[in-house]
Amino acid sequence: METKKPENIDQYIGAFPNDVQEILEKVRMTIQKAAPDAQEKISYSMPAFEQNGIVVYFAAFKNHIGLYALPTGHEAFATELSKYKSGKGSVQFPLKEKIPYDLITKIVKFRVKENLEKVKKK
């Protein structure tokens, strides 16, 4: 059976249980507030925000919310992210713990600035 890929972030969020939808909406609003000029899209079947390139992706899983700020976004906040399971360009925020929305804001603002600086250099 093939799972239908979401066409937009509303469809993506709507596919999850209500409690996870609430968290995803709050993550979405946090990103929108930190990057008000970023455009929403679905990329790699995940919600993404784009402004002069991808700012961040986010996704829900069985036990966590994944945030993908590409390697640089995670490297810049390595200390703050050290308590979470992470990979080169991803971090997992467990659903059973408080989601660090303030930290997400900082990471998003960092990525917006970083993308803008790349555009200025071109």
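Residues numbered from 1 in each chain as written. Predicted model: local features only at pLDDT ≥ 70, side-chain atom pairs only at ≥ 80, totals over all residues. Heavy atoms only, no water.

Caption draft 1: Seen up close, the overall build of the chain. Counting secondary structure elements, the chain contains 5 helices and 6 strands. If you list the helices and strands of the chain from N to C, you get α-α-β-β-β-β-α-α-β-β-α. For 122 residues, the compact-globule estimate of 2.2 N^0.38 gives 14 Å, and the C-alpha radius of gyration of the chain, at 14 Å, lies within 12% of that figure. With respect to the three principal axes, the spread of C-alpha positions in the chain is 45 × 30 × 25 Å. When burial is assessed residue by residue, the chain has 43% of its 122 residues classed as buried. When contacts within the chain are restricted to residue pairs at least 6 apart in sequence, long-range pairs at least 24 apart make up 51% of them. Of the roughly 7,600 Å² of accessible surface on the chain, 51% is carried by carbon and sulfur atoms. Side chains of the chain carry 20 positive and 15 negative charges; the gap between the two charge centres is 5 Å. (Helix = DSSP H or I, 4+ residues; strand = E, 2+ residues; numbered from the N terminus. Rg over C-alpha atoms; globule rule 2.2 N^0.38 Å. Buried < 20%, exposed > 50% of the residue type's maximum accessible area, 1.4 Å probe, protein only. Contact = heavy atoms within 4.5 Å. Areas by Shrake-Rupley, 256 points an atom, 1.4 Å probe, with all protein chains shown as cover. Lys, Arg positive; Asp, Glu negative; His and termini not counted. Charge placed at Lys NZ, Arg CZ, Asp CG, Glu CD.)

Caption draft 2: Highlighting the packing of aromatic side chains. Using the criterion set out here, one finds 5 aromatic pairs in the structure. Arranged with centres 4.8 Å apart and planes meeting at 90 degrees, the rings of Tyr84 and Phe93 form a pair that is edge-to-face. Here Tyr84 and Phe93 have matching classes, each one buried. (Phe/Tyr/Trp six-rings, centres within 6.5 Å; stacked < 30°, edge-to-face > 60°.)

Caption draft 3: Highlighting the packing of helix α2 (residues 18–34) against helix α5 (residues 101–121). Direction vectors running N to C along α2 and α5 enclose 40 degrees, while the axes themselves pass 9 Å from each other. The orientation of α2 relative to α5 falls into the category oblique. For the pair α2 and α5, the crossing hand works out as right-handed. Residue-level inspection shows Ile23, Lys26, Val27, Thr30, Ile31 and Ala34 of α2 in contact with α5, the latter providing Tyr101, Ile104, Thr105, Val108 and Lys109. Grouping the constituent residues of the contact of α2 with α5 by class yields 7 nonpolar, 2 polar and 2 charged. (Axes fitted to C-alpha atoms, helices over the stretch in contact; angles between N-to-C directions. Parallel < 35°, antiparallel > 145°, perpendicular 65-115°, else oblique. Left-handed = near helix turned anticlockwise from the far one by under 90°. Nonpolar A, V, L, I, M, F, W, Y, C, P; charged D, E, K, R; others polar.)

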